[in-house]
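# Summary of the model geometry
Listed below are the residues making up each chain.
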Amino acid sequence: GQQVMQIPQYQHVQEGEDFTTYCNSSTTLSNIQWYKQRPGGHPVFLIQLVKSGEVKKQKRLTFQFGEAKKNSSLHITATQTTDVGTYFCAVYYGGSQGNLIFGKGTKLSVKP
Amino acid sequence: NAGVTQTPKFQVLKTGQSMTLQCAQDMNHNSMYWYRQDPGMGLRLIYYSASEGTTDKGEVPNGYNVSRLNKREFSLRLESAAPSQTSVYFCASSEGRPTYGYTFGSGTRLTVV
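Below is a short write-up of the structure. (Residues numbered from 1 in each chain as written. Chains lettered and ligands numbered in written order. Predicted model: local features only at pLDDT ≥ 70, side-chain atom pairs only at ≥ 80, totals over all residues. Heavy atoms only, no water.)

Okay, the overall build of chain A next. Check the secondary structure of chain A and you find zero helices and 11 strands. Listed by position from the N terminus, the elements making up chain A come as β-β-β-β-β-β-β-β-β-β-β. At 14 Å, chain A has a C-alpha radius of gyration in line with the 13 Å of a compact globule built from 112 residues. C-alpha atoms of chain A, sized along the principal axes, occupy 45 × 30 × 20 Å. Surface summary for chain A: the accessible area is close to 5500 Å², and the carbon and sulfur share equals 51%. (Helix = DSSP H or I, 4+ residues; strand = E, 2+ residues; numbered from the N terminus. Rg over C-alpha atoms; globule rule 2.2 N^0.38 Å. Areas by Shrake-Rupley, 256 points an atom, 1.4 Å probe, with all protein chains shown as cover.)

Right, dumping it as structure tokens:
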């Protein structure tokens, strides 16, 4: 079935180090969304990318959409303990409105 | 502004028991969704409702039923709970097409013993 691959599954960093998670698809994507879920919490929508090569920034977070619209990345500069959580990408494959497919997420832990 | 409210937050059921998970949103969103989240599996769509009066199956609908009671409320029912349904359940809503992003409730942690 339709799926999006997210890597890595886990990432452990020292506070102040950078972090990147990647989302890859074998098919061209119409858009991609990113969510953050804190431990014990619920997913929170961060951003949506729709254009080829698009780059968006939110403070220390940089989101990119690949030129071929088959991959995306989320980069965090100088991680802080508040960045701890799981980051999910989600892709809308079109058709019925229920087709927002989530990647399995990257769990980030930050050592102070 | 509560957003999406789910009840209960925690529940323990015995195998074979039934229960209904409640979800309500106050953002006037058209679309509502039920997901389950299991370790290492990400979020999987159970059922969704594109608009009031319509419901459709998602990726993992077996063992569940839903009711879109009105525009605000979307409930998920387990008729005969099984241990495989132990999970965290999230309700979400959106403006319509998911390009606007989903707003999630705080979740229901369900254990079936």
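Between chain B and chain A, the residue contacts involve 23 residues of the former and 20 residues of the latter. When the two sides are added together, the surface that chain B and chain A hide from each other amounts to roughly 1700 Å², 56% of it contributed by carbon and sulfur. Counting every contact that joins chain B to chain A gives zero salt bridges. At the surface where chain B touches chain A, the tally comes to four residue pairs in polar contact (both at pLDDT 80 or more). Listed by contribution, the elements that provide at least two residues to the side of chain B that touches chain A are strand S4 (31-38) and strand S5 (42-49) of chain B. (Contact = heavy atoms within 4.5 Å. Buried area = accessible area lost by both parts, 1.4 Å probe. Salt bridge = Lys/Arg side-chain N within 4 Å of Asp/Glu carboxyl O. Polar contact = N/O pair within 3.5 Å; in protein donor to acceptor, adjacent residues only side chain to side chain.)

Extensive coverage of strand S5 (residues 43-49) of chain A is indicated by the burial of five of its seven residues. Between strand S4 (residues 32-37) of chain A and S5(A), which follow one another and run antiparallel, lie five residues, and A:Gly40 among them has a positive phi close to 75 degrees. (Buried < 20%, exposed > 50% of the residue type's maximum accessible area, 1.4 Å probe, protein only. Pairing = 2+ DSSP bridges.)

Turning our attention to the side chain of B:Ser31. Structurally, B:Ser31 is set in strand S4. Its relative accessible area of 0% is what places B:Ser31 among the buried residues.

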